[in-house]
Amino acid sequence: MDALLVRERYKVVRVIDSREDYAFAEAVDILDRETGSCLLNLYEGPLLRRYLPCFDHLKGCAAFQAMFLEGESLVAVFRDCSGTPIDQVFYLGDDHSWRDRLYYAGQLCREVLNLSDLPAEAACALLLSENVLVDRLDRKIALRFHLVPMEEMNFREAAYLAGDQIRKILRPRLSSPREELEFLDELDRGSCLGPVQFYALWRSWEKRIRGAYEALEKKNFVRRWCSLLVGRLRRWGARRKRGGSR
């Protein structure tokens, strides 16, 4: 990583992550400046052998641009993406409307569905908080290809990580309807075996959650909070029958 150029084409702008046998850097393709910045994942030693077959399965990925050997390193090049890490957009005390929350939850779930064609170790890395980027200007969520090495990953782990991220968007609040909380309870039960099941679960609950919010919106202040209280009591009763701890 001391050299300014990788393969005499990619000019390294900054090294974002560096550890044993792995580095992640932002670069500029000097032969194609119209594409803007790109992301380089570099693997050496045992990681090279481990990740070489992984990238063979990424050829259908829209963000994947190139893979090659440079000296003793395996280099994978990806398109960069814009946005702010999810933890800086959705946090305790934020003021997003419920419509925005459902919109971005849907955006995230569609990105998760796209991960079903990727190797599990890549899917899990993409769902780490620093890689889930929210672009509020273009109103989209993008996953940054910072493919930090992760061992013994599987698609169930990817579903768990996706659940962690969607809980930040649909963070339980006093104004959360019972349907939204029950969706999060379903995620807690770990029924999703991977990205496809995760997306299917969201689709099965999305309309119910939206309908619950719209119904609450039509009520006056007193009736709205009475409905929320009744919803929580019903949820508590249902969880108690299932032996839930909350």
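Here the structure is shown first, and the text comes after it.
Just so you know, these numbers come straight off a predicted model, no measurement behind them. (Residues numbered from 1 in each chain as written. Predicted model: local features only at pLDDT ≥ 70, side-chain atom pairs only at ≥ 80, totals over all residues. Heavy atoms only, no water.)

Caption draft 1: Geometry of the pairing of strand S8 (residues 132-135). The side-chain alternation of S8 yields two buried faces, one formed by Val-132 and Val-134 and the other by Leu-133 and Asp-135. As judged from the four bridges shared by S8 and strand S9 (residues 140-143), these two strands associate in the antiparallel manner. Paired with Val-134 across the two strands is Ile-141, which belongs to S9. Hairpin connection, S8 to S9: the antiparallel pair is bridged by four residues, and Arg-139 has positive phi, about 50 degrees. (Buried < 20%, exposed > 50% of the residue type's maximum accessible area, 1.4 Å probe, protein only. Helix = DSSP H or I, 4+ residues; strand = E, 2+ residues; numbered from the N terminus. Pairing = 2+ DSSP bridges.)

Caption draft 2: Looking closely at the packing of helix H4 (residues 155-169) against helix H5 (residues 178-188). Relative orientation of the contacting elements H4 and H5 amounts to 160 degrees, with a least axis distance of 10 Å. On the basis of the axis angle, H4 is roughly antiparallel to H5. The interaxial crossing formed by H4 with H5 has left-handed handedness. In this structure, H4 uses Gly-163, Ile-166 and Arg-167 to contact H5, whose residues at the interface are Phe-183, Leu-184, Leu-187 and Asp-188. Residues of the contact of H4 with H5, tallied by class, amount to four nonpolar, one polar and two charged. (Axes fitted to C-alpha atoms, helices over the stretch in contact; angles between N-to-C directions. Parallel < 35°, antiparallel > 145°, perpendicular 65-115°, else oblique. Left-handed = near helix turned anticlockwise from the far one by under 90°. Contact = heavy atoms within 4.5 Å. Nonpolar A, V, L, I, M, F, W, Y, C, P; charged D, E, K, R; others polar.)

Caption draft 3: Layout of unusual backbone geometry. With a phi close to 60 degrees, Arg-7 is a non-glycine residue in the positive phi region. Mapped onto the secondary structure, Arg-7 falls in the loop between strand S1 (5-6) and strand S2 (10-19). Phi at Asp-21 takes a positive value of approximately 65 degrees, unusual for a residue other than glycine. Position of Asp-21 among the secondary structure elements: in the loop between S2 and strand S3 (22-29).

Caption draft 4: Inspection of the nonpolar core at higher detail. With 61 residues, the main nonpolar core has Phe-78, Leu-147, Ile-166 and Phe-183 as its most contacted residues. Excluding its chain neighbours within four sequence positions, the residues that come into contact with Phe-78 are Cys-38, Leu-39, Asn-41, Phe-55, Leu-58, Ala-63, Phe-64, Gln-65, Phe-145 and Leu-147. Membership of the second largest hydrophobic core comes to 13 residues, among which are Ala-23, Leu-42, Phe-68 and Val-75. (Core = buried A, V, L, I, M, F, W, Y, C linked by side-chain atoms within 4.5 Å.)

Caption draft 5: Highlighting the pairing of S2. Here S1 runs beside S2; their pairing, made up of two bridges, is antiparallel. Looking at the pairing, Leu-5 lines up with Lys-11 of S2. The hairpin formed by S1 and S2 contains three residues between the paired strands, and Arg-7 there has a positive phi angle of roughly 60 degrees. Two strands pair when backbone bridges link them, and S2 and S3 are joined in this way by eight bridges, in the antiparallel orientation. In the sheet register, Arg-19 faces S3, and the bridge partner there is Tyr-22. As consecutive antiparallel partners, S2 and S3 are separated by two residues, and within that stretch Asp-21 has a phi angle of approximately 65 degrees, a positive value.

Caption draft 6: Seen up close, the sheet that holds S9. Across the sheet, which stays open at both edges, the three strands sit in the order S7-S8-S9 with antiparallel pairing between neighbours. Each end of this open sheet is capped by a strand with a single partner; those strands are strand S7 (84-85) and S9. Sheet analysis places S7 next to S8, joined by two bridges and oriented antiparallel. Residue pairing in the sheet places Thr-84 in a bridge with Val-134 of S8.

Caption draft 7: Summary view of the environment of Met-67. Following the sequence through the fold, Met-67 ends up in strand S5 (residues 64-70). Judged by relative accessible area, Met-67 falls into the partly exposed class, the value being 27%. For Met-67, the contacting residues outside a window of four places in its chain are Leu-52, Phe-55, Asp-56, Leu-74, Val-75 and Ala-76.

Caption draft 8: View of the sheet that holds S2. Spatial ordering of the open sheet is given by S1-S2-S3-S4-S6-S5, a layout of six strands whose pairing is antiparallel. Two strands close off the open sheet at either side, each with one partner strand: S1 and S5. Pairing between S3 and strand S4 (residues 37-43): seven bridges, direction antiparallel. Each bridged residue has a counterpart across the sheet, and for Ala-23 the counterpart in S4 is Leu-42. Taken strand by strand, helix H1 (residues 45-56) contacts S3, S4, S5 and strand S6 (73-79), and its axis lies near 40 degrees from that of S6.

Caption draft 9: Geometry of the packing of aromatic side chains. Tallied over the full model, the rule gives 12 aromatic pairs. On the basis of an interplanar angle of 55 degrees and a centroid distance of 6.1 Å, the ring pair of Phe-55 and Phe-78 is categorised as tilted. In this pair, Phe-55 sits in helix H1 while Phe-78 sits in strand S6, placing the two residues 23 residues apart along the sequence. Here Phe-55 and Phe-78 have matching classes, each one buried. Note on Phe-64 and Phe-78: the rings are 5.4 Å apart at their centroids and 50 degrees apart in plane angle, and the pair reads as tilted. Here Phe-64, found in strand S5, pairs with Phe-78, found in strand S6; they are 14 residues apart in sequence, far enough to count as distant. Neither Phe-64 nor Phe-78 differs from the other in exposure class; each is buried. Feature note: the residues Tyr-22, Tyr-43, Tyr-51, Phe-55, Phe-64, Phe-78 and Phe-145 constitute an aromatic cluster, connected by ring pairs. Here the guanidinium or amino end of Arg-139 rests over the ring plane of Tyr-103, the centre of that ring lying 4.2 Å away. When the ring centre of Trp-205 is taken as reference, the NZ or CZ atom of Arg-208 above it lies at 4.0 Å. (Phe/Tyr/Trp six-rings, centres within 6.5 Å; stacked < 30°, edge-to-face > 60°. Lys NZ or Arg CZ within 6 Å of the ring centre and 35° of its normal.)

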